[in-house]
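Notes for the structure review
Here's the letter readout for the chains.
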Amino acid sequence: MKKIIFATGNQDKLREIREILADTGIEVESMKEAGIDVEIIEDGSTFAENAAIKARAVCKASGEIAIADDSGLVVDAMNGEPGIYSARWMGEETSYRVKNAEILKRLEGVPDEKRSARFVCAMVCVFPDGREIVCEDTFEGRIGYREAGENGFGYDPIFFVPEKNRYSAELPREEKNAISHRGKALRRMRAELEKVQI
């Protein structure tokens, strides 16, 4: 079985990735499962740069194919914040409940048409021979007026999906995977990996 190390410690992300690659014959290991403990400084200026930094570091440390993603929420009415700093915005130890409340507060009085937002996911696969594949996609929606749903994580509870008339955290996992930024980027990556026959 072919193995890819996914550069994350986030169990929610790992589960999502395993679900989407389930029938490919590719075994997905987390960094922890692979015994990799390297400090990675994400100092890129874009989602793709940060994903590449992580994937290169894990590939170098393991000698295996590595995939990393960098994703975040871009809120137009907040000049693109929290953007590439989504995980670290307001401090890494700050709960998403607090972060979500801050975004809702900042958008008080902002009408629907100006509450546009998107999740962005850049995914980079790095091979030991130096080849790299970059895939990026988005999940369009808007910031709602409250938190709703128990299925998501991070900013999902405030992200309203007009086409579903529900919040992202209200969508069943399979439904969310079909339209989410990470799901779409990963399916692009899957198609690319099938072309190169790892």
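Now for a quick tour of the structure. What you are looking at is a predicted structure, and each value in this text was computed from that prediction instead of being measured. (Residues numbered from 1 in each chain as written. Predicted model: local features only at pLDDT ≥ 70, side-chain atom pairs only at ≥ 80, totals over all residues. Heavy atoms only, no water.)

1. Structural notes on the sheet that holds strand β6 (residues 159–161)
How we decide: Any two strands with at least two DSSP-identified bridges between them are counted as paired. Runs of E in the DSSP output that reach at least two residues are strands. Runs of H or I that reach at least four are helices, and both are numbered from the N terminus. Contacts were defined at the residue level, with two residues in contact if any of their heavy atoms lie within 4.5 Å. Note on geometry: axes are C-alpha line fits, over the in-contact stretch for helices, and angles between N-to-C directions span 0 to 180 degrees.
A sheet is described by the order of its strands in space; here seven strands give the open sequence β2-β1-β3-β4-β5-β6-β7, paired in mixed fashion. The two strands at the open ends of the sheet, each matched to only one other strand, are β2 (26–30) and β7 (166–167). With two bridges connecting them, β6 and β7 associate as antiparallel partners. Paired with phenylalanine 160 across the bridge in β7 is tyrosine 167. Contacts between helix α1 (residues 11–20) and the sheet are confined to β1 (2–6), β2, β3 (65–75) and β4 (116–126), with β2 contributing the most and set at about 175° to the helix.

2. So, the nonpolar core
Here is a general trend for soluble globular proteins: nonpolar side chains tend to be buried in one another's company. Applicable threshold: The nonpolar core is taken to be a set of buried Ala, Val, Leu, Ile, Met, Phe, Trp, Tyr and Cys residues, with the residues joined through side-chain atoms within 4.5 Å. Each residue is placed in one exposure class: buried if its accessible area under a 1.4 Å probe, protein chains only, is under 20% of its type's maximum, exposed if it is over 50%, and partly exposed if it falls in between.
Ile67, Met123, Cys125, Met189 and Leu193 are the most contacted members of the largest nonpolar core, which has 20 residues in total. For this core, the secondary-structure elements that each account for two or more residues are β1, α1, β2, β3, β4, β5 (132–143) and α5 (181–196). Looking at this core, the element that brings in the most residues is α5, giving four residues. When near neighbours in sequence (up to four residues on either side) are disregarded, methionine 189 contacts Ile67, Met123, Val124, Cys125, Ile133 and Cys135.

3. Here we look at helix α3 (residues 96–106)
Here is the rule we go by: Working definition: the arc comes from the directions between the helix axis and the C-beta atoms, pointing outward to the latter.
Within the sequence span of α3, burial applies to Lys99, Asn100, Ile103 and Leu104. Looking straight down α3, one finds that the buried residues subtend no more than 135° of arc, so they occupy a single side. For α3, the exposed residues set more than 90 degrees away from the buried face come down to Arg97 and Lys105. Those residues of α3 hidden inside the fold are in contact with β3 and β5.

4. Looking at the packing of α1 against α5
We count it as follows: By definition in this entry, angles of less than 35 degrees are roughly parallel, angles greater than 145 are roughly antiparallel, angles of 65 to 115 are roughly perpendicular, and the rest are oblique. Here is the rule for handedness: rotate from the far helix to the near one, and if that takes an anticlockwise turn smaller than a right angle the crossing is left-handed, while a clockwise turn gives right-handed. Only Asp, Glu, Lys and Arg are considered charged, only Ala, Val, Leu, Ile, Met, Phe, Trp, Tyr, Cys and Pro nonpolar, and every remaining residue, Gly among them, polar.
Across the interface, α1 lies against α5 with an axial gap of 10 Å and an inter-helix angle of 45°. Comparing the axis directions of α1 and α5 gives the class oblique. For the pair α1 and α5, the sense of crossing is right-handed. Where α1 abuts α5, its residues Lys13, Glu16, Ile17 and Ile20 lie against Arg182, Gly183, Leu186, Arg187 and Arg190. Residues belonging to the contact of α1 with α5 are distributed by class as follows: three nonpolar, one polar and five charged.

5. What about the layout of surface pockets?
Just so we agree on the cut-off: Grid points spaced at 1 Å and placed over the protein atoms alone form the basis of the search, with a cavity being a set where a 1.4 Å probe fits but cannot get out and a pocket an open set showing protein on both sides within 12 Å along at least five of seven lines. Lining residues have an atom within 4 Å of a point. Grid points are joined across faces, edges and corners, and a volume is the space filled by probe spheres set on the points.
Of the volumes computed, that of the largest pocket is approximately 870 Å³. Looking at the largest pocket, it is lined by 30 residues, and the ones nearest its centre are Asn10, Lys13, Glu42, Lys54 and Ala87. At the level of elements, β3 and α5 are the ones that each hand at least two residues to the lining of the largest pocket. Examining the composition of the lining of the largest pocket, we find that four residues originate from one element, β3, more than from any other. Taken together, the residues of the lining of the largest pocket break down into twelve nonpolar, eight polar and ten charged. In this model, the second largest pocket occupies a volume close to 170 Å³. Residue lining of the second largest pocket: Tyr96, Arg97, Asn100, Glu147, Ala148, Gly149, Glu150, Gly152, Phe153, Gly154 and Pro157, and that is the complete set. Looking at the lining of the second largest pocket, its residues break down into four nonpolar, four polar and three charged.

6. As for the side chain of lysine 176
Of note, lysine 176 is situated in helix α4 (residues 173–179). Taking relative accessible area as the criterion, lysine 176 reaches 7% and is therefore assigned buried. Apart from the residues lying within four places of it in its own chain, the contact partners of lysine 176 are Glu16, Phe153, Asp156, Ser168 and Leu171.

7. Brief notes about the pattern of salt bridges
Spelled out, the test is: Criterion for a salt bridge: a side-chain nitrogen of Lys or Arg within 4 Å of a carboxyl oxygen of Asp or Glu.
A complete count under the given rule lists 25 salt bridges for this structure. In this structure, arginine 182 and aspartate 69 form a salt bridge, with 3.0 Å as the shortest nitrogen-oxygen distance. With arginine 182 in helix α5 and aspartate 69 in strand β3, the pair connects residues that are 113 residues apart, well separated along the chain. The buried category is assigned to arginine 182, whose relative accessible area is 5%.

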